[in-house]
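# Breakdown of the fold
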Amino acid sequence: MTKPIHVTSEIGKLDVVMLKRPGAEVENFTPEMMPRLLFDDIPYLPIAQKEHDNFADTLRDNGVEVLYLEKLVVEALDAGGAELKTHFLDKMLTESGYAAGMIHHALEEYLLSMTTTEMVVKIMAGVRKNELDFVPQDLVSAAEEQDYPFFLDPMPNLYFTRDPAASIGDGLSINHMTFPARQRESLFMEIIIDHHPRFADQGLHVWRDRDQPGRIEGGDELVLSDTVIAIGVSERTSAGAIEDIARRLFEKKSGFEKVLAIRIPHNHAMMHLDTVFTMINHDQFTVHPGILGEGGQIDSWIVTEDRDGELHVDHHLDLKQVLKDVLGLDDIDLIPTGGGDPLIADREQWNDGSNTLAIAPGVVVTYNRNYVSNQVLREHGLKVLEVLSSELSRGRGGPRCMSMPLVREDL
Ligand SMILES: NC(=[NH2+])NCCC[C@H](N)C(=O)O
């Protein structure tokens, strides 16, 4: 029987996916807070929600079961009862900077007075100071910036469900995220995996959990085949975490034998590998030409396990050749974002033109605003399903970032 998480490729027919419909969190902040929250603008929420519904409908129309993060968290908490709710809240408040003390207690009381759904939605949206009828008198609050409007910051990046966890084979990594703005997000996934009846006690492997040192995010984790994973060495994923997950996958006999580490520029426009490189068919990939040096060169390393159980690392430069080698293919079609025009490539990459979600081999979901790249994909024989994108793209993520595949058919 297929496990509730089963992903052995980036392109196998998508059966089940997890999304998060943008909520109050995507507009509950000021322009001043944007850089810290990793946003470049404040989306117009009603339109962002319409666009997101269009994305979800496109997936459903193509036979995908869509699960929603908030709902899964609520169901998991309700399955665990009052004790789990308190435990979860304790962890959330501790990671929000209130391990104990007056604010901890006031927030706990406030949030526990709500239904589970209200509580979860509220934590995601953020808690402003003026919501509570309470003036903290302790040292922590005295030392805090008085004008700062929030006790709990909003989590606007939650609609990028790809990042806090990544499905790999019959399991997942629950990620230690890089920036404080996103670190609490993976707590939701932990609760779901441990307590939701659909996922708990189903023999799923947590290859690496959120307590491990070294940062890694799902946008950098690409399952190329049932034996090969590509991982970006990026702003968000450290080389140490890559070695660590490689070791765990090899040791735990996951079936994965090779980890292909690919170094990409470390900057906000290209924060993850999937913003510049995605797999869309057995032998086709999108790639942002801006990451390749002369002759298509880019630093990459194949990590394997040697006979003594030690990691073995080989350096390579030719992306096409290395992909052919690890996938055992005679040829590879690397499709340039923007059709290779450097100006269009940069513009469309900024709006996630390379960030495609394959829902079957050769069938991809993309943002409609990247019309040049979409046309190029069609010319290369792909079926392109365009979704609305004016507001969603302001969070710097596209269809791949906005989806966490849970089950794909094997190739
Ligand atoms: N898988 C991705 N490319 N995710 C995009 C995440 C965008 C988000 N604003 C961040 O900076 O974290």
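Analysis parameters
Residues numbered from 1 in each chain as written. Predicted model: local features only at pLDDT ≥ 70, side-chain atom pairs only at ≥ 80, totals over all residues. Heavy atoms only, no water. Helix = DSSP H or I, 4+ residues; strand = E, 2+ residues; numbered from the N terminus. Contact = heavy atoms within 4.5 Å. 1 Å grid on protein atoms, 1.4 Å probe; cavity = no way out; pocket = protein on both sides within 12 Å on 5 of 7 lines; lining within 4 Å. Points joined across faces, edges and corners; volume = space filled by probe spheres on them. Nonpolar A, V, L, I, M, F, W, Y, C, P; charged D, E, K, R; others polar. Domains from an automatic or database assignment. Pairing = 2+ DSSP bridges. Axes fitted to C-alpha atoms, helices over the stretch in contact; angles between N-to-C directions. Phe/Tyr/Trp six-rings, centres within 6.5 Å; stacked < 30°, edge-to-face > 60°. Buried area = accessible area lost by both parts, 1.4 Å probe. Salt bridge = Lys/Arg side-chain N within 4 Å of Asp/Glu carboxyl O. UniProt positions renumbered as here; feature names shortened; annotations may be inferred. Buried < 20%, exposed > 50% of the residue type's maximum accessible area, 1.4 Å probe, protein only. Core = buried A, V, L, I, M, F, W, Y, C linked by side-chain atoms within 4.5 Å.

### Details of the environment of Lys91
Residue placement: Lys91 occurs in helix α3 (residues 69-95). Spatially, the C-alpha atoms of Lys91 and Thr304 are 36 Å apart, while their sequence positions differ by 213 residues. Once residues lying within four places of it in the same chain are set aside, the contact partners of Lys91 are Leu187 and Glu190.

### What about the layout of surface pockets?
Empty space within the largest pocket amounts to approximately 320 Å³. Together, 17 residues line the largest pocket, and Arg36, Ser96, Phe151, Asp153 and Arg184 are the ones closest to its centre. Listed by contribution, the elements that provide at least two residues to the lining of the largest pocket are α1 (34-37), β4 (150-152) and α7 (180-183). When grouped by side-chain class, the residues that make up the lining of the largest pocket number 8 nonpolar, 3 polar and 6 charged. Viewed by domain, the lining of the largest pocket spans two of them, domain 1 (14-70 + 157-408) and domain 2 (71-152), each represented by three or more residues.

### With respect to the sheet that holds strand β12 (residues 284-287)
Across the sheet, 3 strands lie side by side as β11-β12-β15; this open sheet has mixed pairing. In this open sheet, the two edge strands, each paired with only one partner strand, are β11 (277-281) and β15 (333-336). Averaged over all pairs of adjacent strands, the angle between strand axes in this sheet comes to 30°, irrespective of strand direction.

### Here's the deal with the packing of aromatic side chains
Taken as a whole, this structure holds 8 aromatic pairs when the rule is applied. Where Tyr98 meets Phe151, the ring centres are 6.4 Å apart and the plane angle is 80°; that geometry is what we call edge-to-face. Placement of Tyr98 in the loop between α3 and α4 (102-112) and of Phe151 in strand β4 is noted, with a sequence separation of 53 residues between them. Ring centres 5.2 Å apart and planes at 10° place the aromatic pair Phe277 and Phe285 in the stacked group.

### Thoughts on the domain arrangement of the protein chain
Taken domain by domain, the protein chain comprises domain 1 (14-70 + 157-408) and domain 2 (71-152). Taken together, the 24 residues of domain 1 in the interface contact 23 residues of domain 2. Of the roughly 2,100 Å² buried where domain 1 meets domain 2, counting both sides, 68% is carbon and sulfur surface. Here domain 1 and domain 2 share 2 salt bridges between them.

### Some thoughts on the UniProt feature "active site" (unreviewed entry) in the protein chain
Feature annotation in UniProt places "active site" (unreviewed entry) on Cys401, given in this structure's numbering. Residue classification places Cys401 among the buried residues on the basis of a relative accessible area of 2%. Filtering out sequence-adjacent residues up to four positions away, Cys401 remains in contact with Tyr159, Phe160, Thr161, Arg162, Asp274, Asp352 and Asn355.

### Quick word on the nonpolar core
Grouped together as the largest cluster of nonpolar side chains are 45 residues, with contacts concentrated most on Leu107, Leu111, Ile123, Phe188, Met189, Phe199 and Leu406. Listing elements by their share of this core, those giving two or more residues are β1 (14-19), α3, α4, α5 (116-125), β4, β6 (171-174), α8 (185-195) and β19 (404-408). Broken down by element, this core gets its largest block of residues, 11 residues, from α3. Counting the residues that make up this core, at least three belong to each of domain 1 (14-70 + 157-408) and domain 2 (71-152).

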